[in-house]
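Next come the chains, spelled out residue by residue.
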Amino acid sequence: MSFALDDRRQHTDTIDAMTANSKADFSSVSDIIDALQNILAHSQVIVPDLETQYPISNTHYSAFNLDYQNISAIISERQQQLDAASHEIPRLETVIDGINHIHQQLVVKKDKITQSLNLHKRLVSALWRLPAEVLSQIFAHCLPNCRRLSPASREAPLLLTRICRRWREVAVDMSGLWQELYVSGDWPGQYAGGDWRLAAFCYESWLKRSRGRPLSLELQCFEKNWTELRSLLQPYINQISSLSLDFGHCAPQPEVMISDFLAVEELTISLHYNCEACVVQSISQPPCTLRSLKVKGRFFNVEYATTLNPAWARLTNIEIELDQPSAFVQLLRLCPNLSSLTINTSFTGVMEPYTHTQLQSLRIVSVYFFRDSTKHLNLFDTLSLPNLRALEVRDIYSWPHKEFKAFLTRSKCPLESLTFNFRVPIRNEQREEYVALIPSLKVLLVAG
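Bear in mind the structure is a predicted one, so any value in this text is a computation, not a measurement.

**Q** What exactly am I supposed to notice about the overall build of the protein here?
**A** Across its full length, the protein carries 13 helices and 13 strands. A buried classification covers 38% of the 448 residues belonging to the protein. Long-range pairs, those at least 24 residues apart, make up 65% of the contacts in the protein with a sequence separation of at least 6. By element, 52% of the accessible surface of the protein is carried by carbon and sulfur atoms, the whole surface being about 25,900 Å².

Printed below as a string of structure tokens:
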């Protein structure tokens, strides 16, 4: 060190005292910092001059006259210097540990002060003073637009329970926030250790918060976990009004019986690969409450539906993919009470005449697009819909203008909304003809 021996001892005693009192009251921290700054300002480790008359190299020592007594003295001095440095290093490390401990205590002190400061700021904040009823209205608009709400989500409603105690109490007490739930097919793999009991606890806590209100569930169906999942849902079966089943890719399918869900009004099925027969068997005896059916994925063979006649007769809304004209007519026959229908289709074959008196909304989407201008969508050739009020047709290249006018004349429907989205837009004179043919028309939207 650059300071005298007495000064060094004084500084050493000060450091030792600070180390021994590192757990002292925080009122002495400023004194400790001042003392450290003073010591560091007057302290410097100086490396002594270690050069001697003897070269430190690969030179042949035989070329020098070596004074072994002098060399022994040098070695003894170097050993004393090394012992002194080796003794100071652990003492300094002890001091550093003490300083780090004081630093940690200061960080904790800062965090607690910040927490207390924020708490008292919230007490005078307008947001903190909002009534629970107002917070509830705000929370209701915090749910994400994309569904698939689950305990694994980092969004609302779970996020609302992690802000503060009051927000958690309000959110947990809002049954409307917990009416939708998505259960992944790999559960409980998404949880630590794949513990299904932990996963079941999280799902059950979610379901309990719905407090008997109607539930909307989306389930990925895998045979490996269906038994546990069915057991979990059993107490809430009569709450489930909307159910979405995703039959996974290439996975063994469970024996899902829709009849177990006694209160289901809306059913959505996502198909993959060759699982149509398995799905049809699952929904062979749906509850009498079922009114809406959506089938996504592969084309659904309506011929399977001949065994579901009583169930289909009660349906009022269907979204489905069809690939044959006969399937479309058969679907209409099976559903006499149908009021809304969305079909994804790619067929242009011959279709037999049919009249459906209840259908009010029809949406047609071409799956593969009709690029051949010599072919057109033939649904309007022989179909009559006297109660149709809204029609939307998308992704068709060749529009059957003449056949569509005949359909309008034949149906005499009170059409109010007509939407076209074609690859080749219709002409202005065609629009004028439609307006003239449909006096009830309120909306005519044409997009290309």
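**Q** Looking at this structure, how should I read the pairing of strand E9 (residues 361-366)?
**A** Two faces belong to every sheet, and in a regular strand the side chains alternate between them. Bridging between strand E7 (residues 340-345) and E9 involves 6 bridges; their strand directions are parallel. Bridge pairing in E9 places Ile343 opposite Ile364. Relative to strand E11 (residues 390-394), E9 is paired through 5 bridges, and the arrangement is parallel. Pairing of Ser361 across the sheet is with Ala390, part of E11.

**Q** Looking at this structure, how should I read the pattern of salt bridges?
**A** Should their charged atoms come close, side chains of opposite charge can pair. If you walk through the whole model with that rule in mind, you get 9 salt bridges. A salt bridge links Arg230 to Asp260, with the shortest nitrogen-to-oxygen separation between them at 2.8 Å. Linking Arg230 in helix H7 (residues 226-233) with Asp260 in the loop between strand E3 (240-247) and strand E4 (266-270), this pair joins segments that are 30 residues apart in sequence. Glu392 is paired through a salt bridge with Arg394; the nearest N and O atoms lie 2.2 Å apart. On the accessibility criterion, Glu392 (18% relative accessible area) is buried.

**Q** When you look at the nonpolar core in this model, what are you seeing that I'm missing?
**A** Among the nonpolar cores identified, the biggest contains 88 residues, and Leu243, Leu267, Leu341 and Phe404 are the most heavily contacted of them. A per-element tally of this core places helix H10 (residues 325-334) first, with 6 residues. Apart from the residues within four sequence positions on either side, Leu341 is in contact with Ile318, Phe328, Leu331, Leu332, Leu359, Ser361, Leu362 and Arg363.

**Q** Looking at this model, I keep getting lost on the packing of aromatic side chains. Mind explaining?
**A** When we look at a pair of aromatic rings, we describe it by the centre distance and by the angle of the planes. Tallied over the entire structure, the rule returns 11 aromatic pairs. When the ring of Phe404 is compared with that of Phe407, the centres are 5.9 Å apart and the planes differ by 25°; the resulting orientation is stacked. A residue pair is termed a helical-turn pair when its members lie 3 or 4 positions apart in one helix, as Phe404 and Phe407 do in helix H12 (residues 401-411) at 3 residues. Ring-pair connections join several aromatic residues into one group, and the members of that group are Phe380, Trp399, Phe404, Phe407, Phe420 and Tyr434. If you follow Arg209 out to its NZ or CZ, it ends over the ring of Trp178, 4.6 Å from the centre.

**Q** I would appreciate a short explanation of a nonpolar patch on the surface in the present structure.
**A** A cluster of nonpolar residues, Leu127, Val134 and Ile138, forms a patch on the protein surface that exposes about 220 Å² of accessible area. Turning to its location among the elements, Val134 is positioned in helix H4 (residues 132-140). Using a relative accessible area of 35% as the deciding quantity, one classes Val134 as partly exposed.

**Q** Looking at this structure, how should I read the confidence of the model for the protein?
**A** Low pLDDT means the predicted atomic positions in that stretch should not be read closely. Across the protein, the average pLDDT comes to 81, with 79% of residues at 70 or higher. Overall, residues 1-9 carries pLDDT values under 50, and its contacts beyond four positions in sequence, including any with other chains, amount to 12 contacts. The low-confidence segment residues 22-26, where pLDDT is below 50, has 8 contacts with residues more than four positions distant or belonging to other chains.

**Q** Explain the pairing of strand E6 (residues 317-322) to me, please; I cannot follow it from the model alone.
**A** Of all 6 residues making up E6, 5 are buried, and the element is well covered by its neighbours. Bridge count for strand E5 (residues 292-296) against E6 is 3 bridges, and the pairing is parallel. Bridging from a neighbouring strand, Lys294 pairs with Glu319 of E6. By the bridge criterion, 6 bridges tie E6 to E7 in an arrangement that is parallel. Note that in E7 the partner of Glu321 across the bridge is Asn344.

**Q** In this structure, what is going on with the packing of helix H6 (residues 196-208) against H7? I would like to understand it.
**A** Pairs of packed helices are described in terms of their axes, by the angle between the two and the distance that separates them. Between H6 and H7, whose axes approach to 10 Å, the crossing angle comes to 30°. Of the possible angle classes, the one that applies to H6 and H7 is roughly parallel. As H6 packs across H7, the resulting crossing turns out to be right-handed. Contacts between H6 and H7 involve Trp196, Ala200, Tyr203, Glu204 and Leu207 from the first element and Glu228, Leu232 and Leu233 from the second.

**Q** Honestly, the packing of H12 against helix H13 (residues 428-437) in this entry has me stumped. Any pointers?
**A** Running from amino to carboxyl end, H12 crosses H13 at an angle of 5°, the nearest separation of the two axes being 11 Å. Between H12 and H13, the interaxial angle falls into the category roughly parallel. For the pair H12 and H13, the contacting residues are His401, Phe404, Lys405, Leu408 and Thr409 in the first and Gln430, Glu433, Tyr434 and Leu437 in the second. Here the residues of the contact of H12 with H13 are counted per class, giving 4 nonpolar, 3 polar and 2 charged.

**Q** How do you make sense of helix H3 (residues 68-123) when you look at a structure like this?
**A** Because the α-helix completes a turn every 3.6 residues, residues three or four places apart line up on one side. Its 56 residues place the ends of H3 82 Å apart at the C-alpha level, agreeing with the 82 Å of an ideal helix rising 1.5 Å per residue. Listed in full, the buried residues belonging to H3 are Ile74, Val95, Gly98 and Ile102.

**Q** Looking at this model, I keep getting lost on unusual backbone geometry. Mind explaining?
**A** If a residue is not glycine, its phi is most likely negative; likewise, a peptide bond is most likely trans. Between Ala156 and Pro157 the backbone carries a cis peptide bond, its omega angle lying at 5°. Its place among the elements puts Pro157 in the loop between H4 and helix H5 (165-173). Backbone geometry places Arg211, a non-glycine residue, at a positive phi of 50°. With respect to the helices and strands, Arg211 occurs in the loop between H6 and strand E2 (215-221). For Lys412, which is not a glycine, the phi torsion comes out positive at approximately 50°. Looking at where Lys412 falls in the secondary structure, it is placed in the loop between H12 and strand E12 (417-421).

Scoring rules and cut-offs
- Residues numbered from 1 in each chain as written.
- Predicted model: local features only at pLDDT ≥ 70, side-chain atom pairs only at ≥ 80, totals over all residues.
- Heavy atoms only, no water.
- Helix = DSSP H or I, 4+ residues; strand = E, 2+ residues; numbered from the N terminus.
- Buried < 20%, exposed > 50% of the residue type's maximum accessible area, 1.4 Å probe, protein only.
- Contact = heavy atoms within 4.5 Å.
- Areas by Shrake-Rupley, 256 points an atom, 1.4 Å probe, with all protein chains shown as cover.
- Pairing = 2+ DSSP bridges.
- Salt bridge = Lys/Arg side-chain N within 4 Å of Asp/Glu carboxyl O.
- Core = buried A, V, L, I, M, F, W, Y, C linked by side-chain atoms within 4.5 Å.
- Phe/Tyr/Trp six-rings, centres within 6.5 Å; stacked < 30°, edge-to-face > 60°.
- Lys NZ or Arg CZ within 6 Å of the ring centre and 35° of its normal.
- Patch = residues over 30% accessible without salt bridge, like charges linked within 9 Å, V, L, I, M, F, W, Y side chains within 5 Å.
- pLDDT = per-residue confidence, 0-100.
- Axes fitted to C-alpha atoms, helices over the stretch in contact; angles between N-to-C directions.
- Parallel < 35°, antiparallel > 145°, perpendicular 65-115°, else oblique.
- Left-handed = near helix turned anticlockwise from the far one by under 90°.
- Nonpolar A, V, L, I, M, F, W, Y, C, P; charged D, E, K, R; others polar.
- Expected span 1.5 Å × (residues − 1).

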